[in-house]
Structures are given as C-alpha cells and as structure tokens.
Amino acid sequence: MKETDREAVATAVQRVAGMLQRPDQLDKVEQYRRREARKKASVEARLKWLFPELDPPGEDLFFRKQHMAVSGSSHPCGVSPQAAIQSQLDGVRTGLSQLHNALNDVKDIQQSLADVSKDWRQSINTIESLKDVKDAVVQHSQLAAAVENLKNIFSVPEIVRETQDLIEQGALLQAHRKLMDLECSRDGLMYEQYRMDSGNTRDMTLIHGYFGSTQGLSDELAKQLWMVLQRSLVTVRRDPTLLVSVVRIIEREEKIDRRILDRKKQTGFVPPGRPKNWKEKMFTILERTVTTRIEGTQADTRESDKMWLVRHLEIIRKYVLDDLIVAKNLMVQCFPPHYEIFKNLLNMYHQALSTRMQELASEDLEANEIVSLLTWVLNTYTSTEMMRNVELAPEVDVGTLEPLLSPHVVSELLDTYMSTLTSNIIAWLRKALETDKKDWVKETEPEADQDGYYQTTLPAIVFQMFEQNLQVAAQISEDLKTKVLVLCLQQMNSFLSRYKDEAQLYKEEHLRNRQHPHCYVQYMIAIINNCQTFKESIVSLKRKYLKNEVEEGVSLSQPSMDGILDAIAKEGCSGLLEEVFLDLEQHLNELMTKKWLLGSNAVDIICVTVEDYFNDFAKIKKPYKKRMTAEAHRRVVVEYLRAVLQKRISFRSPEERKEGAEKMVREAEQLRFLFRKLASGFGEDVDGYCDTIVAVAEVIKLTDPSLLYLEVSTLVSKYPDIRDDHIGALLAVRGDASRDMKQTIMETLEQGPAQASPSYVPLFKDIVVPSLNVAKLLK
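Every value quoted in this text rests on a predicted model; they were computed, and no experiment measured them.

Engineer: Even after reading the chapter, I still don't get the overall build of the protein chain, so can you show me in this structure?
Structural biologist: Check the secondary structure of the protein chain and you find 32 helices and zero strands. Counting every position in the protein chain, which comprises 779 residues, the buried fraction comes to 42%. Put simply, of all contacts in the protein chain between residues at least 6 apart along the chain, 75% involve residues at least 24 apart. Surface accessibility of the protein chain: about 43300 Å² in total, with carbon and sulfur atoms responsible for 53%.

Engineer: Which parts of the structure should I look at to understand the packing of helix α25 (residues 602-617) against helix α26 (residues 622-645)?
Structural biologist: Packed helix pairs are specified by the crossing angle of their axes together with the interaxial distance, meaning the distance between the axes. Interhelical geometry of α25 versus α26 gives an angle of 165° and a closest axis separation of 12 Å. Between α25 and α26, the angle falls in the class roughly antiparallel. The interaxial crossing formed by α25 with α26 has right-handed handedness. Of the residues in α26, those touching α25 at V603, F614 and F617 are K625, M628, T629, A632 and Y640. Residues belonging to the contact of α25 with α26 are distributed by class as follows: six nonpolar, one polar and one charged.

Engineer: Got a minute to help me understand helix α30 (residues 724-734) in this structure?
Structural biologist: One full turn of an α-helix is made of 3.6 residues, so residues set three or four places apart face in the same direction. Of all eleven residues in α30, ten are buried; the element is thus mostly enclosed. Among the residues of α30, D725, H726, I727, G728, A729, L730, L731, A732, V733 and R734 are the ones counted as buried. Of the residues trailing α30, G735 is marked for its positive phi of about 80°.

Engineer: Help me out: how do you make sense of the pattern of salt bridges in this one?
Structural biologist: Two side chains with opposite charge may pair up if their charged atoms get near one another. Per the counting criterion, the structure on display carries 31 salt bridges. Note that E478 and K481 form a salt bridge whose closest N and O atoms lie 2.7 Å from each other. Taken together, the residues E478 and K481, both in helix α20 (residues 478-512) and three residues apart, mark about one turn of the helix. Looking at E478, the relative accessible area reads 43%, which means it is partly exposed. Shared partners join several salt bridges into a network, and the residues in it are E253, D257, R274 and K276.

Engineer: Looking at this structure, I do not really get the environment of E287. What am I missing?
Structural biologist: Relative to the assigned elements, E287 resides in helix α14 (residues 278-295). For E287, a relative accessible area of 41% gives the class partly exposed.

Engineer: Even after reading the chapter, I still don't get the packing of helix α19 (residues 458-476) against α20, so can you show me in this structure?
Structural biologist: The geometry of α19 relative to α20 is characterised by a closest axis approach of 8 Å and an angle of 160° between their N-to-C directions. Overall, the two elements α19 and α20 adopt an arrangement that is roughly antiparallel. The handedness of the crossing between α19 and α20 is right-handed. Residues L458, V462, F463, F466, N469, L470, A473, A474 and I476 of α19 form the contact with α20, whose participating residues are L480, K481, V484, L485, C488, M492, F495 and Y499. Residues belonging to the contact of α19 with α20 are distributed by class as follows: 15 nonpolar, one polar and one charged.

Engineer: Please explain unusual backbone geometry as it appears in this structure.
Structural biologist: Excluding glycine, residues mostly have negative phi values, and the peptide bonds linking residues are mostly trans. Backbone torsion omega between A393 and P394 reads -5°, so that peptide bond is classified as cis. Structurally, P394 is set in the loop between α17 (367-380) and α18 (407-440). The phi angle at N277 is positive, at roughly 55°, despite the residue not being glycine. With respect to the secondary-structure elements, N277 resides in the loop between α13 (240-267) and α14. At E340, a residue that is not glycine, the phi angle is positive and equals roughly 45°. Mapped onto the secondary structure, E340 falls in the loop between α15 (308-329) and α16 (341-362).

Engineer: Explain helix α23 (residues 562-590) here, please?
Structural biologist: In a regular helix each residue adds 1.5 Å, so 29 residues correspond to 42 Å; α23 covers 41 Å between its end C-alpha atoms and thus fits that length. Most pronounced at L584, the bend in α23 amounts to some 50°. Where α23 terminates, the next one or two residues include M592, which has phi positive at roughly 55°.

Engineer: Looking at this structure, I do not really get the packing of aromatic side chains. What am I missing?
Structural biologist: Each aromatic ring pair is described using two quantities: the centre-to-centre distance and the angle formed by the ring planes. Tallied over the entire structure, the rule returns 15 aromatic pairs. Judged by centre distance (5.9 Å) and plane angle (80°), the ring pair of Y499 and F534 falls under edge-to-face. In this pair, Y499 is assigned in helix α20 and F534 in helix α21 (residues 520-545), connecting sequence segments 35 residues apart. Geometry around Y319 places R293 over its ring, the cationic atom sitting 4.4 Å from the centre. Above the ring of F581, the side-chain terminus of R635 is found at 4.3 Å from the ring centroid.

Engineer: Explain the environment of L485 here, please?
Structural biologist: Tracing the chain through its elements places L485 in helix α20. Taking the C-alpha atoms as reference, L485 lies 6.7 Å from L470; in sequence the two are 15 residues apart. Not counting the four nearest positions on each side in its chain, L485 is found in contact with L470, L541, Y545 and L546.

Engineer: I'm lost on a nonpolar patch on the surface in this one. Help?
Structural biologist: Where nonpolar side chains cluster on the molecular surface, the patch consists of V16, L20, L26 and V29 and spans about 320 Å² of accessible area. Along the polypeptide, V29 turns up in helix α2 (residues 29-50).

Engineer: Help me understand the environment of S419, please; the structure alone is not making it clear to me.
Structural biologist: Residue position: S419 is located in helix α18. Assessed through its relative accessible area of 47%, S419 is described here as partly exposed. Measuring from C-alpha to C-alpha, the distance between S419 and A367 comes to 8.8 Å, with 52 residues separating the pair along the chain.

Engineer: Hey, could you run me through the side chain of N530 in this one?
Structural biologist: Note on placement: N530 falls in helix α21. Sequence-distant contacts of N530, defined by excluding residues within four places in its chain, comprise D436, Q455, T456, L458, P459 and Y499.

Engineer: How should the confidence of the model for the protein chain be read in this particular structure?
Structural biologist: Detail in the predicted coordinates should be disregarded across regions flagged by low pLDDT. Taken over all residues, the pLDDT of the protein chain has a mean of 82, while the share at 70 or more is 86%. In the predicted structure, residues 56-78 sits below a pLDDT of 50 and forms 22 contacts with residues beyond four places in sequence or in another chain. Of the regions scoring below 50 in pLDDT, residues 773-779 engages in 13 contacts with residues more than four places distant in sequence or in other chains.

Cut-offs and rules
Residues numbered from 1 in each chain as written. Predicted model: local features only at pLDDT ≥ 70, side-chain atom pairs only at ≥ 80, totals over all residues. Heavy atoms only, no water. Helix = DSSP H or I, 4+ residues; strand = E, 2+ residues; numbered from the N terminus. Buried < 20%, exposed > 50% of the residue type's maximum accessible area, 1.4 Å probe, protein only. Contact = heavy atoms within 4.5 Å. Areas by Shrake-Rupley, 256 points an atom, 1.4 Å probe, with all protein chains shown as cover. Axes fitted to C-alpha atoms, helices over the stretch in contact; angles between N-to-C directions. Parallel < 35°, antiparallel > 145°, perpendicular 65-115°, else oblique. Left-handed = near helix turned anticlockwise from the far one by under 90°. Nonpolar A, V, L, I, M, F, W, Y, C, P; charged D, E, K, R; others polar. Salt bridge = Lys/Arg side-chain N within 4 Å of Asp/Glu carboxyl O. Expected span 1.5 Å × (residues − 1). Bend = angle between axes of the 7 residues up to and from the residue. Phe/Tyr/Trp six-rings, centres within 6.5 Å; stacked < 30°, edge-to-face > 60°. Lys NZ or Arg CZ within 6 Å of the ring centre and 35° of its normal. Patch = residues over 30% accessible without salt bridge, like charges linked within 9 Å, V, L, I, M, F, W, Y side chains within 5 Å. pLDDT = per-residue confidence, 0-100.

Structure follows, in structure tokens:
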C-alpha cells in the first residue's frame, strides 16, 4: 500500500506541475481544485457501485448488505432488483449533491463577476492615469533586453571579425555558431522594439544598420556551403566530416526558420533575412550541379569527331553510374534519413538526363547518331550497365522510372532514321555498284574465293552494310529490326534490277569491241557467281533476323529476288556462250561442206575451243556451270544440225552418204566424249543431244530407199519439234529420194504429228531452213 501511495503522490505532483507551468495559471488554482473535486466524486460514485464493501460504515452500507443477504448475492454483479434500485438511488443522491455544489459555484462566480464589473467601472479613470506607467514598463522591458544583450552589442564588431576569419579558415560550424549569436542578439532587440512600437521604423533601421554585417556574413557562409555541396560527390570521399558540418548547419537554420515562423503566427514579427530556406536552396544547388555535370560531359562535336555522340553518351553513363553508387554508399550516411538524399539525387539525375536527351533529339542528327541515342535511351539506360547495376539495387527500381524520351519523340526519331537510312542505303548501293563496275574493266583477273570461284567484293560490301544496319536496329527493338530488314530487301530488289541492266550493258559493250575489256570472261564469271552469293546471303539474312512466321510472311511478301538473280546469271551465261560461239562460227560453217567431207578437222577445233573456254568456266559456281554446260552441249548440237539442214552439201552416191554419215557419227562421239568430260560430277545424262546427230546420220546413211519412210517416221517420233521443211532439207542432203517418195513421206508426216514428252528439250524448233519452199525441195 505504501508503494501504491507513493506512486499516487508522484502522479499527482506531476499532474499539478503540468497545470502550473506559467505564473498566470496561479490565478486558476481554485478552478483546478473544483474540477478535480468533481472528477474525484464521480470516480468514487462508480467505485461504490462496483465495490460496495469499500464504503465507510453507515446506514447506506447497512441497508445494502441487508438487501444482498436477502437476495443471496455478495457482489453487485449478482444483485437482486431491490439492490439495483437502491444503488440507482445512491447514484441519484450523489448527482443531486453535485448539482447543489455546482449551483453554489455558479452563484459564487456570478458574485465575482459582479464585483469585477464594479471594480472595472471604478478603475477606468485609474487605467488612463497609468499610461505613463505602462510606457515605463515597456521601456523597462526594452532596456532590460538591451542590458541582457549589452555584452553582445558592444562585441558585435569583434564577433564579425572572428566569424569572417572562421569562414575563411573553413571552420564552418564555429563560424555558424557565432553567426547565430549575432542574429539572436539582433533579432531579440528588434523583437522588443517591435513589441514596444511596431511603427517606429527609425529605431528598427538603427538596429538593423548596427547589425548590418550579419547579413553579409550569412551570405558569405552560404557561399561556402554551396561550394561544398557543389563538390559533394568528391567531398564525401575525401572529407565526409566537412559535408556533415554543412548538413548540420542547414539543419540548424531549418529549426530556426520553423521557430520564427511559429512566432510569426502569434506576434507577426519576422526578423530580416528569414526564413532562409537553406534546405530548399541546398536541393536547388544539387540539382543545378547535376545538370551542369550532365551537360559538361560533351567534349567533342561532330566536326571534330564523328563518334562524338557515342563518346558523350558513354561518359554520361560512366559519370551517372559512379555518382549514384557514391550517393548510395556514402552520401546517405552524411544526411538525415528524412532528407531522402539518394532518392532525390536519383530523381535529379533522371530529370537532367531526360532534359539532355530531349535536347539531343531536337538536333539534326544523322542516322547513326539517332541509333546511338535510341539504343542508349531504350536499352543502355535500363540495363545492368547503368540503372540495373547490382551496386544500385534494391534502391533503384527501373520499373518506376519515367521514359527519358516520350513515345512521340521516339516515334519521330525512328521515322527520321528510316527516312535517312533509306536514302543512305540507296546511295551506298549506287556507290558500291559504281565501284564494282570500275573493277570490271581492270586488266587483272578478279579475286577468287576459298573454293577458287571468281567473285567481286560487291556482295560482301552490300551484305556487310545490311548486317551492320540490322545489328544496330536489333539493339533498339525487334520491331525496328524487322522494318530495317524489309527496307533492305526492298532496296536490294531495286538494286538487282540496276545490276542486271549494268551487266547487260557490259556484255553489249564487249560485243562491240571484243578486245575490250581484257578480262571480260573472268569478270562475267564473277558477275554470275555473285548472283549465287546474293541468293545465299539473302537466305542467310532472313534466317538470322526473322524469328517467327509472321515476320517471315512480311519479308516474303516483298518481290522475289531469285527470279532477277537467275535472269542476271542466265544473261551472263548466255553472254559467255555467245563469246564461245563467236570463236566457233568459222569452224561451224565448215561442217557439212565439201571441205568437211574431204577431211576437215573443224570438229576437233570446236572440241578444243569449247574445252579451253570451259577451263575458264570452271570458275563458275556449280548451279550455273551445270546449266551452262547443258546449254553449251545443246547449242553445239543444234549448230551441227543447222549445218546439216542448211543443205551445204548434197551427197551424190551411196558411198558419199555412207562416208558422210559415218563421219557424223564419229564427230557425234567426239562431242559426246567432250561433254561427258565437261559434265562429270553433275550426275546427268548428256548423251541425248548427240544421239540426235546419230539419228540424222542414220537417215543419211540408209542404203535402201524403200525403208526411208520408216527411218524418217522413227526420227520424227523421237523429235516431235522437227518440221516438214527440216525433213525436206534432210532428204535433199541425201540426194537420192525421188519426187514421189518425198511427196509421200511429207504427206504422211503431216497427217499425224507426234506428241512431245514433258521432259523433251526441243532441238529443231530454232533451226531455220534457208528460204526454199517445200515444192522446190521435192523437185
């Protein structure tokens, strides 16, 4: 119980001390006493109801116990109705007693107010006569303040000098302490003057002028603080104590600002230079420092360095990452938590970067510069190289950062990039083709690849350019990569059309003067091989940069380039074969002539010439070489058949026919051997063309004219494109077919033309018989 009593007394003392903190509260002691008495009576009433045994002995206690005994209950929680009614009556009795006391209090207060009113009426004149006393009290208060600050007032010049020296020495905390003393003295005197006579500006000006150096010292100290803050990222590593001192000074000023603003609400007085808002200025200085640091990273211009933007962005990346790591690990230890210094610095850097990126985007950027900017903004900034760096986690959440560039600006940059890239690709392709054309007229052979096939550098240059642009586009986005690929394929299609025209002009110029250019055959081979390289490169490009069927569908919707490339290669092969047959023309003209029959070696020369050319044609890649060999074989046979059907000779006897036919068979075997050799490795049957010469020779060699119809019918069934003028010319070469026999054969053949098989390659349809009608042939 003693311990409980002591605690109760201690609590009461503490409560009373809280009520009586100011002198004017002593006048309210009687009110406090009555209020506490009422609270005490209320509490006692509740306790009596809950714990009746705590009541002092008396009549009420006696009756309550009697009622509890009758009801069989020993506690109010289980009381009878009579006991409950009795308890309520007790409560009413207590309430009436309190009301009676309150009524007495009200009467006392009423009497006191009446006395006060009476005294006030009697003292009005007295108050007027005390005005001089009042002025004396105010003056006394002012003089008291002056006496209290007298020491500081007389020592102001000395304190100013000391403060100035401390600022120059870098002792910022001590300098600020003295500055606070000066400002406190000045503000105290000005406040007292304000209280005495707020309209007396002369005295206010006098005080302010006497302490005029104080504002200068404050400004000088602020400059030192801002200088430290501007170098805060360096200072925090070299001398963190200095940065902590600056923050402490700012915190002190913030507290003084808050105290003065609170007093302003009560008195309306604000000292000069307040509020200083140094915390707000601190963040402004930091923001300006961040902006200056970002803008100051551009060391080069486009004129001095083509890679200026790449260098600029890389320096920004490195600086920002290093600064944020320092801020996260070191600066947060120098600032109070409620400053949220890292979060604020992160926002400052992000905003400064956004502003800088907007400035760069508004410049007249080249295509490669747009790519560099967008790659940095969309990828590098949010990658592990920067904001996702492990040293910044988890404080930096990339998902909460706003885009550095708005979608509208990004879209405009992409449109500009695509437009510029289109123009650049067209120019690059045109320049590449012009460079390649200059190589075509060189006196030296073109280079060969690792397999020995001639080639020029054109495909490598073109697709290296495409690869570079696609790799760059892929760094920005998949969508841009697909757009660039489609653009490349579109421009490739147009380029190949120009390439085809230039190759055709190259062939025509050579045919006008076959002595120029010196390496025509080799460069035409290179052009043909380039077509295969282009086809392979296009397939490789699509496979590498198309990841799904939708994208492939977009790409494949572009005009097919395979047809153009095949056309270029076909024209090139045709030009090379034209070169061959121009050299063979003289020897082909000797076939089926008297000179040929007497022992001409024209076919020998033809075989040697063809083989010599095809030694050069070995530099052609397999797909085109295979077609070219088959076409050469077909054309040699067609030229041989043309020689037969041009009626250069008409055999006069069976012996001549036999000799000529056997020579034709031998020469067919020569040609067969040659083209088997040339076609080795292709795995195709090359005998069919030469068999035509043998079949025609059999018709010429036939000794029994009665079987001529059967032999000719067999020939026509095997070669459905043979015409009646061909048959007439062939019979004229034999020289022994009668007019009736010729007429019968021709009429019979006209009745039932043979049907060609799908795999049949026409040989006779291009052979024109000299203008001699069938009627003349039948004579």
